[in-house]
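Inside the fold
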Amino acid sequence: MTDTAAEVTLFGAGLVPDPAEAGPLPMGRADAVVFAVADAERAARRYCAALGLRCTAYAGPETGEPETLSYVLAAPGTRIVLTSPVRTTGPSGRELAAYLDRHGDGVLDLAVSVPDAYYAYDYAVDRGALSLAEPHEVRDDYGAVVLATIGVPGGTRHTLVDRAGYVGPYLPGYVPCDGF
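This report concerns the structure included in the present document. (Residues numbered from 1 in each chain as written. Predicted model: local features only at pLDDT ≥ 70, side-chain atom pairs only at ≥ 80, totals over all residues. Heavy atoms only, no water.)

This part takes up helix α4 (residues 117–126). For α4, every residue scored as buried is listed here: Ala117, Ala120, Tyr121, Tyr123 and Ala124. Viewed end-on, α4 has its buried residues packed into an arc of 165°, placing them on one side of the element. Contacts from the buried residues of α4 go to β6 (130–140), β7 (143–151) and β8 (157–162). At the N-terminal end of α4, a side-chain oxygen is found 3.1 Å from the backbone nitrogen of tyrosine 118, two or three residues along, and the residue is aspartate 116. Glycine 128 lies just past α4 and shows a positive phi near 110°. (Buried < 20%, exposed > 50% of the residue type's maximum accessible area, 1.4 Å probe, protein only. Helix = DSSP H or I, 4+ residues; strand = E, 2+ residues; numbered from the N terminus. Arc of directions from axis to C-beta. Contact = heavy atoms within 4.5 Å. Polar contact = N/O pair within 3.5 Å; in protein donor to acceptor, adjacent residues only side chain to side chain.)

Here we come to the pairing of β6. In the sheet, β6 pairs with β7 via eight bridges, with the strands oriented antiparallel. Paired with histidine 136 across the strands is leucine 147, a residue of β7. The hairpin formed by β6 and β7 contains two residues between the paired strands. (Pairing = 2+ DSSP bridges.)

Quick look at the structure:
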């Protein structure tokens, strides 16, 4: 994107934060937008066909996640995760089913890439964010990811993702997907 005169003027007037200025909380780009959907496989097929996305990873009962089914769809600079409940016998399945009952299909989580999830979590919680999950490490054969989750007004959660030590397809528990 190129700077326009309006953007430069807004930055200079302090009305819009200048992306070139580093703030106290270093954040990267959006890591993923996670959608809760009634049927993840069907939605993934439609998104791939309609938007030209490619299925890159999968998690579900076959990968050790008995309660949910998730597909990771990607395009350059974009990652969308579509997840649906398989069983509602445990906390993950119940939470997802309750979300779908209340809201229908929609954005469940906006995952944000951060260089240090511990620092980002402390920074956000110290300034009023609701703690949903303290920073913790999740590991598999591809390495380790540090995750933390905060809640903000409006109900959407934000997962802080530090994947500096991870080279896998998405997150631990996901396996590469060859598409549809």
